[in-house]
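For reference, the chains in residue letters:
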Amino acid sequence: MNSLRFLIISLVFISFMSCKEEVIRPEVKLVPQPAMLIDREGTFAILPETPLVVNNEEALKVSGFLTKHLEDFYGIKNSGRLTASEPKKSISLKIDKSSGLGKEAYNLSVNPKGVTLVASEPNGLFYGIQTLIQLMPSSRKKLTEVILPALEIKDSPRFTWRGLHLDVCRHFMPKEFVKKYLDYMAMHKFNTFHWHLTEDQGWRIEIKKYPKLTEVGSIRKETLIGHGRNPVNYDNTPYGGFYSQEDVKEIVQYAADRFITVVPEIEMPGHALSALASYPELGCTGGPYEVATRWGVFDDVYCAGKEETFTFLQDVIDEIVTLFPSEYIHIGGDECPKTKWQKCPLCQKRMRQDSLTTEHELQSYFVQRMEKYLNSKGKKLIGWDEILEGGLAPNAAVMSWREEEGGIAAAKQHHFVVMTPGKYCYFDHYQTDPKTEPLAIGGFLPLKQVYEYEPVPSSLTEEEASYIMGAQGNVWTEYMKTSQHVEYMVYPRAAALAEVVWSPKGSKNYEGFQHRMAEQIKRYDAYGINYCKAEFK
Ligand code: TNX
């Protein structure tokens, strides 16, 4: 009897012990896919008392993203501490300048003895933490421990410009949403936020020297309803919004904390009706002009013949450069009709004086003058591919949106390029059957097509290819009135683009991506991101 009891107790004990040991290794589903990943056997459990070790102040600051996630998602309170020693079973986050890793690279090792994350800069450490977070459960749930799968990752991005754009002019997006947009970008390891701040339909950034830009230029009297094709109806409701310079500083800092550079776009010489409505003397005819109430391209643009235009734009740039620490300032340059310049005596006089034979050359004159000014302020110019017409400014970078031709031409001339071709990168297009989607501008860009994009055209030599800085998704908001709609258009397509710009060229596999995305959308659910579910029913 006694021995039977002993046997039962022993069996219970043994099965309990083996259960304890048989912690299931969670499946690894990372987006974007890291450059190198080796699965290892076993797991590591993060407990509230697990020491979190950082080796300097910068690492301590970045570690906050990890501790915040542990607390917000699982209720596990842990805090980083500066220490010289590395206790056993700890999480160690190290910035080691002598590690030989690139600025955005990191090495992550998880094994039953602990977690080690090494980077040479805080940027890489931040990306390593993003990966570490994706190794944890995707949904919010109170936990006493978080089980990580053992593995080795050596990771670094393929491109240096991993961009998402947002047009806040056609529809204004509140500051709190812009911050969310940045959070979601960071989660996908994007590092460049192209903020489209001025347009025909609204000027959205406070410029202290020119208060009318926001008093007048940020408000349109009404907005076209739908596509406005037959019948053409307007909503008879004033629409406005802008960011104060304090808002801008807050957003730029918020982005910097997440290793995202904000590149502001101040449009010229076209898409400028909101500025002309505020200061009519800047147009060829002197106006009157009004902030546009419908979408498209408008003939009234900045006058290229008047000195006031350049004085105004340089003054605007003076304020912009103090607000944005980015290396690049985007000056637009797209879709600038030349009809007013053809009839304008001052524009024609400028052309004669400077021996410019076409209006395209006058546009080139305009952009080159602005480039000189930006360069004198220590900034570089980037513009849409129309800036190639009439001759590219000497140091300008080109954003290729009318497919890839502009980018190819610029790279061949040894100018830096960001690829944003409509066919792969326009997130304002439909992504599934339009009958099932909210109204969009048109086009069709399903998830798989974004995933298949290859930013380096095969017609470039290896040397020319080195001028391709990366790619960017563009989010024009003519038909996106709300932040929820923006999220719907951007996700999951931005995840596909994230993999295009981060993961090594040969590593792409759509089925594998879909499999990993099944987990990524659970993360979207946890954050409340309103993504398009067409591919995930
Ligand atoms: C073209 S892309 C534009 C935008 C529109 C967009 C709509 C570019 C440089 N210009 O002004 O919003 O098409 O897809």
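Residues numbered from 1 in each chain as written. Predicted model: local features only at pLDDT ≥ 70, side-chain atom pairs only at ≥ 80, totals over all residues. Heavy atoms only, no water.

## What about the side chain of Glu519?
At step 1: Position of Glu519 among the secondary structure elements: in helix α18 (residues 510-527).
At step 2: In this structure Glu519 comes out as buried when scored by relative accessible area, which is 17%.
At step 3: Those residues in contact with Glu519 that lie beyond four places of it in its chain are Lys29 and Ser138. (Helix = DSSP H or I, 4+ residues; strand = E, 2+ residues; numbered from the N terminus. Buried < 20%, exposed > 50% of the residue type's maximum accessible area, 1.4 Å probe, protein only. Contact = heavy atoms within 4.5 Å.)

## Focus: the environment of Glu535
At step 1: Structurally, the position occupied by Glu535 is in the segment after α18.
At step 2: It is 9.6 Å that separates the C-alpha atoms of Glu535 and Ala518, two residues lying 17 residues apart in sequence.
At step 3: Glu535 has contacts with Leu447, Tyr510 and Gln514, leaving out every residue within four places of it along the chain.

## Focus on the site of the ligand
At step 1: Near the ligand the following residues occur: Arg170, His271, Asp334, Glu335, Trp384, Trp401, Tyr426, Asp428, Ile441, Trp476 and Glu478.
At step 2: For the ligand, a nitrogen atom lies 2.9 Å from a polar atom in the side chain of Asp334.
At step 3: For the ligand, a nitrogen atom lies 3.4 Å from a polar atom in the side chain of Glu335.
At step 4: When isolated, the ligand has an accessible area of 370 Å², and the protein chains bury 92% of it.
At step 5: Tallied by class, residues from the shell around the ligand come to five nonpolar, one polar and five charged. (Near = heavy atom within 4 Å. Polar contact = N/O pair within 3.5 Å; in protein donor to acceptor, adjacent residues only side chain to side chain. Areas by Shrake-Rupley, 256 points an atom, 1.4 Å probe, with all protein chains shown as cover. Nonpolar A, V, L, I, M, F, W, Y, C, P; charged D, E, K, R; others polar.)

## Focus: the nonpolar core
At step 1: Counting 173 residues, the largest nonpolar core has Trp195, Tyr302 and Phe312 as the members making the most contacts within it.
At step 2: Those residues in contact with Phe312 that lie beyond four places of it in its chain are Trp203, Tyr210, Leu213, Ala275, Tyr279, Leu282 and Tyr302. (Core = buried A, V, L, I, M, F, W, Y, C linked by side-chain atoms within 4.5 Å.)

## As for the sheet that holds strand β9 (residues 192-196)
At step 1: Here eight strands make up a closed barrel; going around it, the order is β8-β9-β14-β15-β16-β17-β18-β21 and the pairing parallel. Taking each pair of neighbouring strands and ignoring which way they run, the sheet shows an average axis angle of 30 degrees.
At step 2: With five bridges connecting them, strand β8 (residues 161-167) and β9 associate as parallel partners. Residue pairing across strands places Leu166 opposite Trp195, the latter belonging to β9.
At step 3: The sheet contacts of helix α11 (residues 359-376) involve β14 (261-268), β15 (328-332) and β16 (380-384), and relative to β16 the element is tilted by about 150 degrees. (Pairing = 2+ DSSP bridges. Axes fitted to C-alpha atoms, helices over the stretch in contact; angles between N-to-C directions.)

## Quick notes on the confidence of the model for the protein
At step 1: Summing up the model confidence of the protein, the mean pLDDT is 95 and the portion of residues at 70 or higher is 96%.
At step 2: Of all secondary-structure elements in the protein, the lowest mean pLDDT belongs to helix α1 (residues 2-21), at 56, while β9 reaches the highest, 99. (pLDDT = per-residue confidence, 0-100.)

## Some remarks on the pattern of salt bridges
At step 1: Taken as a whole, this structure holds 36 salt bridges when the rule is applied.
At step 2: Put simply, Glu250 and Lys179 hold a salt bridge, and the shortest N to O gap is 2.6 Å. Within this pair, whereas Glu250 is found in helix α6 (residues 245-257), its partner Lys179 is found in helix α4 (residues 175-187), the two being separated by 71 residues in sequence.
At step 3: Take Lys179: its relative accessible area is 12%, and that puts it in the buried class.
At step 4: Linked through salt bridges whose partners overlap, the residues forming this network are Lys175, Glu176, Lys179, Asp247 and Glu250. (Salt bridge = Lys/Arg side-chain N within 4 Å of Asp/Glu carboxyl O.)

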